Amino acid sequence: MTGKLVYLDMGLESNDIIKRQEQIEEMVAQNQIEPAIKRLLDFVRDFDIKKMFKPQSLLISANYYEWRKNDQNNTLTRDTLRVERNGIIMSILSLTNEITVQTV
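Residues numbered from 1 in each chain as written. Predicted model: local features only at pLDDT ≥ 70, side-chain atom pairs only at ≥ 80, totals over all residues. Heavy atoms only, no water.

## Describing the confidence of the model for the protein chain
Reading fine detail from the predicted coordinates is not recommended where pLDDT is low.
Right, on to step 1. Mean pLDDT over the protein chain: 89, with 87% of residues reaching 70 or higher.
Right, on to step 2. Mean pLDDT across the elements of the protein chain bottoms out in helix α1 (residues 3–9) (42) and peaks in helix α4 (residues 54–73) (97).
Right, on to step 3. Note that residues 1–10 has pLDDT below 50 and, in this model, 15 contacts with residues that lie over four places away or in other chains. (pLDDT = per-residue confidence, 0-100. Helix = DSSP H or I, 4+ residues; strand = E, 2+ residues; numbered from the N terminus. Contact = heavy atoms within 4.5 Å.)

Shown next as structure tokens:
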């Protein structure tokens, strides 16, 4: 059974996952990283049928909060903080895309 069929059985349509992915992308585009991560965790919970991506989503969240702590405490250079933040953003976008591709 494909992911798409499972979601149709659950009352979810394939465009639901696309809408949710677009919401996350919009949050990232508006520099709303913390809400995007919270939405990512919901996204994984709702659409990751095989539960393969939960550890990765939790790691992204942990990395963000570690980044935020470093930013607040000025423990890293601005360049290092920017590189780490960009890595977190790419991880969010890549994970949502990977789940969407496997599901739709």
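There is more to say, and it comes next.
## Some words on unusual backbone geometry
Right, on to step 1. Although it is not a glycine, N31 sits at a positive phi angle of roughly 60°.
Right, on to step 2. Within the secondary structure layout, N31 lies in the loop between α2 (14–29) and α3 (33–47).

## What about the pattern of salt bridges?
Right, on to step 1. This model, assessed by the stated rule, comprises eight salt bridges.
Right, on to step 2. The partner of E34 in a salt bridge is K38, with the nearest N and O atoms 3.7 Å apart. Taken as a pair, E34 and K38 lie in helix α3 at a separation of four residues, close to a single helical turn.
Right, on to step 3. Note on E34: relative accessible area 22%, which makes it partly exposed.
Right, on to step 4. With a closest N to O distance of 3.2 Å, R45 and D42 form a salt bridge. With a gap of three residues between them, R45 and D42 both fall in helix α3, about one helical turn apart.
Right, on to step 5. Each member of the salt-bridge network shares a partner with another, and the members are R20, D42, R45 and D46. (Salt bridge = Lys/Arg side-chain N within 4 Å of Asp/Glu carboxyl O. Buried < 20%, exposed > 50% of the residue type's maximum accessible area, 1.4 Å probe, protein only.)

## Regarding the packing of aromatic side chains
Right, on to step 1. The tally for this structure, following the rule as stated, stands at three aromatic pairs.
Right, on to step 2. Here the aromatic rings of F43 and F47 are separated by 5.2 Å at their centres, their planes lie at 55°, and the arrangement is tilted. Taken together, the residues span about one helical turn, with F43 and F47 both in helix α3 at a distance of four residues. Each member of the pair, F43 as well as F47, carries the same accessibility label: buried.
Right, on to step 3. Cluster of aromatic residues (ring-pair linked, three or more members): Y64, Y65 and W67. (Phe/Tyr/Trp six-rings, centres within 6.5 Å; stacked < 30°, edge-to-face > 60°.)

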